Amino acid sequence: MAIDSKLKSRIAAAGQSHVLKYFDELDEAGRNQLVEQLSKIDFEALPGLVADYVAKRPEIAIPADIAAASYYPVNPSNDDEKALYAKATELGRKMISEGKVACLTVAGGQGTRLGFDGPQGTFPIGPVTGRTLFQYFAEGILRNQEKYGTKLDWFIMTSKLNHESTVAFFREHGFFGLDEAQVFFFTQGTMPAIGYDGKLLMSAKDSLSLSPDGHGGTLLALRRSGALDRMRSKGVEAISYFQVDNPLVPVVDPLFIGLHALTGSQMSAIVLEKTGPYEKLGNFCVTGGRVSIIEYSDLPKEMAERRLPDGSLEFSGGSPAIHVISRGFVEELTEGDSLKLPWHRADKKIPCIDATGNPVAPESPNGVKLESFIFDALPLAKRTMLLARDRAEVFAPTKNRTGVDSVESCRAMLMARDASRLQAAGVSVPMREGGVVDALIEVSPRLVADVDDAVEFARKRNLQSVVRGDKVCFE
């Protein structure tokens, strides 16, 4: 394949002609690969990116008017809120049943930190059965389809690294009972790594050094993959967004979805009460009248530790990256096939080739990777809505093998959530000191999506108790 003259001119105008240095000596496959990569780069915007994010290090400035964001409480605190929550829940259920809601899972990562060789979504997390992360979501979708008499389209964002293995996993497991046509896989975009001299780095003579463009890139990938068009054609108005490492998250939350719609929000977020000033969650703030998130590492110590008269943290609201996003807002942010979000710089040791084409494994950072964060869309929304949720019901991330946010803690929280639902249904569940379940239990999300389901499940099974020390899966 020859390179298009217009693309060649754009590359030259951006000062990046070095990427074609070895083009003539490449085979056909190598040329095709490189041209495909180059054709996806906005070379007109590249000099500005280099100037803003490489030539200088962006300063993280904390606005003078920053304040903690307010949010709807976990439980309504007065009659007006009770009425609002009831109305919102009814509307959310209606939207789900009418096919106006779709699920979106960000699943581009591998299970490396878990000591697992494969896509993170294929990791076995079930405390008893080892059902995988993907299976939890798939069965949750199936149950909600039954509850609301509808079909929920499920959009799954993979990466180049795990796309084929993810799709193969679903096929191997018969899409866990879902209709194959309702599951839409699409691949996350990439950004080229940039050397400190402002030149694009190359991993080989026929390839740029590329890395994922961040979870903010999900939005542009939705457009480029045709997912947005599909949503529009099916009448989807709201996107239930969650990450693959969190099996506790409800795949659809009627109250959350309903409040999003009732308030006219373009992007809404779940809020968790932080466990301490330095918990690794982004902080919900307000500045310039707009909701934004300041990363835990960027909030000044004085602000992070500041407390209210009752002793609670002033900046108490943390983000677990659970959102409802209006489809129309995604269309606005990606209009013109470009992403209207800021970039974040990360200095990295990036394997590449040198000026003579020889591979280099740097011992210190040699360039910059750029990524976008989805929470940066919040201040761009005309209206936002924040809703607090009990973390025991919605958040158990599986990021590490042991310790905080680990496989161990996730399984314990899954059992605790299932035990709580069974207890609410009148089932006696053995507990140890400290409220730890004294049995290994697992309740299939295919049967139970909420407390109401648990009550009906226990009634049908005439389930009255769980035996201490037992190992049981209800499915």
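Here's what I pulled together on the structure shown here.

Definitions and limits used
Residues numbered from 1 in each chain as written. Predicted model: local features only at pLDDT ≥ 70, side-chain atom pairs only at ≥ 80, totals over all residues. Heavy atoms only, no water. Helix = DSSP H or I, 4+ residues; strand = E, 2+ residues; numbered from the N terminus. Rg over C-alpha atoms; globule rule 2.2 N^0.38 Å. Buried < 20%, exposed > 50% of the residue type's maximum accessible area, 1.4 Å probe, protein only. Contact = heavy atoms within 4.5 Å. Areas by Shrake-Rupley, 256 points an atom, 1.4 Å probe, with all protein chains shown as cover. Lys, Arg positive; Asp, Glu negative; His and termini not counted. Charge placed at Lys NZ, Arg CZ, Asp CG, Glu CD. Core = buried A, V, L, I, M, F, W, Y, C linked by side-chain atoms within 4.5 Å. Pairing = 2+ DSSP bridges. Right-handed = clockwise from strand over helix to strand, strands pointing away.

### Regarding the overall build of the protein chain
When helices and strands are tallied, the protein chain shows 14 helices and 24 strands. Rg of the C-alpha trace for the protein chain: 24 Å, near the compact-globule value of 23 Å for 475 residues, within the 12% margin. Its C-alpha atoms give the protein chain principal-axis dimensions of roughly 75 × 55 × 45 Å. Across the 475 residues in the protein chain, those meeting the buried criterion constitute 51%. In the protein chain, the proportion of contacts linking residues at least 24 apart, taken out of those at least 6 apart, comes to 74%. A total of about 21,500 Å² of accessible surface is found on the protein chain, and carbon and sulfur atoms cover 50% of it. Placing the 55 positive and 62 negative side-chain charges of the protein chain at their respective mean positions leaves the two points 1 Å apart.

### A few points about the environment of T112
Its location among the elements puts T112 in the loop between β2 (101-106) and α5 (133-148). You can call T112 exposed: its relative accessible area is 62%. Taking the C-alpha atoms as reference points, T112 and A86, separated by 26 residues in sequence, lie 43 Å from one another.

### Brief notes about the nonpolar core
F134, W154, I156, F170, L178, V252 and L387 are the most contacted members of the largest nonpolar core, which has 43 residues in total. The element contributing the most residues to this core is α5, with 6 residues. Setting aside residues no more than four positions away along its own chain, F134 makes contact with A107, G121, T122, W154, I156, T166, F169, F170, F176 and V244.

### Regarding the sheet that holds strand β19 (residues 367-371)
The strand order β6-β19-β16 describes an open sheet built from 3 strands, whose pairing is antiparallel. Every other strand in the sheet has two partners, leaving β6 (194-195) and β16 (344-348) as the edge strands with one partner each. With 2 bridges joining them, β6 and β19 adopt antiparallel strand pairing. Bridged to I194 within β19 is V368.

### Some thoughts on the pairing of strand β4 (residues 183-187)
Counting buried positions over the 5 residues of β4 gives 4, a clear majority of the element. In this structure, strand β3 (residues 154-158) lies alongside β4, joined through 5 bridges in parallel fashion. Across the sheet, residue T158 finds its bridge partner in β4, namely T187. Of the crossover connections in this fold, the one passing from β3 over helix α6 (residues 163-172) to the parallel β4 is right-handed.

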